Amino acid sequence: MAVCVCEHRLVLMSFISYNLEYFKEQLQKLERADVTSQNVYHAKQLLKIVDDLVDEGYCQLSDAIEQSFSGVSRIRNYLQKGGAQPFSVERSLLTVGNITYDNQKVPLCWAINQLVNMAQTATGECNNVFIAELVDFCKWIGYNDDIAYVFLLRDTLLPYIYFRKCGKTNIYPWLLGRQTLAQISQKQFVDDEIRASIFCALEMGKANNFEEFCDAVLPKIRATVGKYMQLEHCLMALLSSIKQSKIVVVESGCSGTIPMLLKSLDDRVDIKMYTTYPYLQNAYKDKIFTTKYENIRLFETLLSQDAMLKFNCLVDGKVYVNMCNNQQVITQSCEEIKAILR
């Protein structure tokens, strides 16, 4: 485990080093320029990046920025000077300790069917206004019968259900997250190792457009995944099971690690994400629905997506999950799904 943690720190270096330089440069620009509404908004986005990471338990970036050049304090002072409040940090209604799951593992598709059936009989109403934004995101994605649409769960469970409700057929729910990749590869933090290629491209200044970005990122990701034969074999098998000539991978966003991983293995892959970090907006450009990075947690903390399903294992290409048995999570999840079904 000590070796694994050491390697994890090494692959985090590109993320930390790039962000340190980016934040330092952006702060200098802000402090030299007039305090305009646009500059204040940019400062709020910068602070939101570190605040969200801290809320998720990752304090390394915030600590490094503060220790290196008092960056977090300077951003907060800048916002105070501009008479602005930071973006709020959206949190789940429940703490992790209050969320429990059934011991029985069930197939992912079966679990989704159960949720949809439960939602159809739900009596409560969901008052989360962000559901309407999700519907707009789904409409922006579009649909073509000649294209396969892969939804990366957990964060795109509701968009997947929306597409299913609309009668779309070439849609695939893939639970490919940190835990799944770690289990397949037998390597903890393998997703960070893959993500390092993205930040290496940023450090090299190769993120001015998507083509340039792909040229810099994809070969490095392909080399990384090639070190983990079981992971490579599993992902190639998943991709080869799709027969359409084009595949659109749908994700909530930020770094785009897993969409880029899949694209490195299959040139049929295109990407549609809700948003991304400010410094990746040029790279992903028309691949993102909105530049409002500050909304990403609204997307990710819907309980149906954040807490209802927990990855258990991958057996013979089939994903199994545990379903949450906390009644508040079940009730709100069903209300969210009922809202997207409307």
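Please read all numbers here as calculations on a predicted model, not as lab measurements.

**Q** So what exactly am I meant to see when it comes to the overall build of the protein chain here?
**A** Helices and strands together make up the secondary structure of the protein chain, namely 16 helices and 7 strands. Computed over the C-alpha atoms, the radius of gyration of the protein chain is 20 Å, within 12% of the 20 Å expected from 2.2 N^0.38 for a compact globule of 342 residues. When the backbone C-alpha atoms are referred to their principal axes, the protein chain occupies close to 55 × 45 × 45 Å. Buried residues in the protein chain amount to 55% of all 342 residues. Accessible surface, the protein chain: about 15700 Å² in total, of which carbon and sulfur atoms supply 48%. Taking the 36 positively charged and 38 negatively charged side chains of the protein chain as two groups, their mean positions are separated by 1 Å.

**Q** Mind showing me how you'd approach the sheet that holds strand S2 (residues 147-152) here?
**A** What holds strands together in a sheet is hydrogen bonding between their backbones, with the strands either parallel or antiparallel. One open sheet holds the 4 strands; their spatial order is S3-S2-S4-S5, and the pairing between them is parallel. Taken across any chain shown, the strands that pair with only one partner, and hence form the sheet edges, are strand S3 (171-174) and strand S5 (269-276). Looking at each pair of strands side by side, their axes are set apart by 25° on average, direction ignored. Of the strand pairs in this sheet, strand S4 (residues 246-254) and S5 are connected by 7 bridges, and their pairing is parallel. Paired with Ile247 across the two strands is Val269, which belongs to S5.

What counts as what
Residues numbered from 1 in each chain as written. Predicted model: local features only at pLDDT ≥ 70, side-chain atom pairs only at ≥ 80, totals over all residues. Heavy atoms only, no water. Helix = DSSP H or I, 4+ residues; strand = E, 2+ residues; numbered from the N terminus. Rg over C-alpha atoms; globule rule 2.2 N^0.38 Å. Buried < 20%, exposed > 50% of the residue type's maximum accessible area, 1.4 Å probe, protein only. Areas by Shrake-Rupley, 256 points an atom, 1.4 Å probe, with all protein chains shown as cover. Lys, Arg positive; Asp, Glu negative; His and termini not counted. Charge placed at Lys NZ, Arg CZ, Asp CG, Glu CD. Pairing = 2+ DSSP bridges. Axes fitted to C-alpha atoms, helices over the stretch in contact; angles between N-to-C directions.

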